[in-house]
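Each chain, letter by letter, is given below.
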Amino acid sequence: MSYTVSAVLPALVELLWPRVIVHLQDAIDQSNGESTEETIRRDLNNADAILVVIYKEDEICGAAVVRKRIFDTGVSAIFVGLLGGTNMVDWIDDAYSVAKAIGKDLGCTAMYCVGRDGWEKALKHIGFKKAYTVLINSIED
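Residue positions are given per chain, counting from 1 as you read along its sequence in written order. Under the rules for a predicted model, residues below a pLDDT of 70 receive no local features and side-chain atom pairs below 80 are neither given nor counted, while totals for whole chains, interfaces and linings still include all residues. Side-chain numbers here rest on the full set of heavy atoms in the structure, without hydrogens or water.

A. Region of the structure containing the side chain of His-23. Numbered from the N terminus, helices here are DSSP runs of H or I no shorter than four residues, and strands are runs of E no shorter than two. Of note, His-23 is situated in helix α1 (residues 13–29). For His-23, a relative accessible area of 14% translates into the label buried. Under this definition, polar contacts are N or O atom pairs within 3.5 Å; protein pairs additionally need one hydrogen-donor-capable and one acceptor-capable atom, and for neighbouring residues in sequence, both atoms have to be side-chain atoms. Within the structure, the side chain of His-23 is placed 3.0 Å from the backbone oxygen of Ile-60, a separation counted as a polar contact. Only protein chains enter the calculation, and the probe is 1.4 Å; a residue is then buried if its accessible area is under 20% of its type maximum, exposed if over 50%, and partly exposed in between.

Right, dumping it as structure tokens:
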């Protein structure tokens, strides 16, 4: 049986959360404190972000969190900020298709994947290219 990818209604986030967070935790942990389990969960429940799950039969094999971002110029893009799972090579193309459909439905003209360096290689075959590099340094004493 093949993988299925679908967006999750906000009313179902809590039901699926224990099975989803295991796939998102590494991305949250590497988000430089920009995301936490609590903030992501809140945004999904409030429909400020959309949960996408990847499953095979009854097993959730991956998850992503997407959201619309509108730039100062009015350009809008769908952002994939958190993504994780197992056997990703088997379902990444389908996950891309679903995220692309969500973006089009929200009126977006581009898709950004924000994450670790490995995504550049994993998404190159779909047509993604590096837009820029973001570096971070603490300015606290």
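So much for the structure itself; the text now carries on.
B. Representation of the confidence of the model for the protein chain in the model. As a per-residue measure, pLDDT tells how confident the predictor is, with possible values from 0 to 100. Mean pLDDT over the protein chain: 92, with 99% of residues reaching 70 or higher. Averaged over each element, pLDDT in the protein chain is lowest for helix α4 (residues 118–123) (82) and highest for helix α2 (residues 37–45) (98).

C. Expanded view of the packing of aromatic side chains. Only rings of Phe, Tyr and Trp enter the pairing, Trp through its six-membered ring, and a pair is recorded when the two centres are within 6.5 Å. The plane angle decides the type: under 30 degrees is stacked, over 60 is edge-to-face, the rest tilted. Across all of its chains, the model carries 4 aromatic pairs by this definition. Ring geometry for Phe-71 against Tyr-112: centres 5.8 Å apart, planes inclined by 50°, an arrangement best described as tilted. Taken together, the residues span a long stretch of sequence, with Phe-71 in the loop between β3 (59–70) and β4 (76–85) and Tyr-112 in strand β5 (residues 110–113) at a distance of 41 residues. Its relative accessible area of 22% is what places Phe-71 among the partly exposed residues. When the ring of Tyr-96 is compared with that of Phe-128, the centres are 5.7 Å apart and the planes differ by 80°; the resulting orientation is edge-to-face. Here the residue Tyr-96 occupies a position in helix α3 (residues 88–105), and Phe-128 occupies one in the segment after α4, the gap between them amounting to 32 residues. Following the ring pairs from residue to residue traces out a cluster consisting of Phe-71, Phe-79 and Tyr-112.

D. Structural detail: the sheet that holds strand β2 (residues 50–56). Strand order in the open sheet made by the 5 strands is β1-β2-β3-β4-β5, with mixed pairing throughout. Edge positions in the sheet fall to β1 (4–8) and β5, since each has one partner strand and no second. For this sheet the average axis-to-axis angle between neighbouring strands, irrespective of direction, equals 25°. The strands touched by α2 within the sheet are β2, β3 and β4, with β3 carrying the most contacts at an inclination of about 75°. Pairs of strands are assigned from DSSP output, requiring at least two bridges between the strands. To get an axis, fit a line to the C-alpha atoms, keeping to the stretch in contact for a helix; angles then go from 0 to 180 degrees between the N-to-C directions. Contact definition: two residues touch when any of their heavy atoms are within 4.5 Å.

E. Inspection of the pattern of salt bridges at higher detail. Within this document, salt bridges are pairs made up of a side-chain nitrogen of Lys or Arg and a carboxyl oxygen of Asp or Glu, the two lying within 4 Å of each other. For the structure on display, the rule yields 5 salt bridges. A salt bridge links Glu-37 to Arg-41, with the nearest nitrogen and oxygen atoms 3.8 Å apart. Residue Glu-37 and its partner Arg-41 are located together in helix α2, separated by 4 residues, close to a single helical turn. Using a relative accessible area of 28% as the deciding quantity, one classes Arg-41 as partly exposed. Taking the shortest distance from any N to any O, the salt bridge between Asp-43 and Arg-42 comes out at 3.1 Å. The class for Asp-43 is buried, based on a relative accessible area of 10%. What emerges from the salt-bridge pattern is a single network uniting Glu-14, Glu-37 and Arg-41.

F. Spatial organisation of a nonpolar patch on the surface. Patch building starts from residues that exceed 30% relative accessible area and form no salt bridge, then joins like charges within 9 Å and nonpolar side chains (Val, Leu, Ile, Met, Phe, Trp, Tyr) within 5 Å. Using a 1.4 Å probe, accessible areas were evaluated by the Shrake-Rupley method; residue-level cover was limited to the displayed protein chains. Together, Leu-9, Leu-12 and Leu-15 make up a nonpolar patch on the protein surface, roughly 320 Å² of accessible area in all. Of note, Leu-15 is situated in helix α1. On the basis of relative accessibility, which here comes to 64%, the residue Leu-15 falls in the exposed class.

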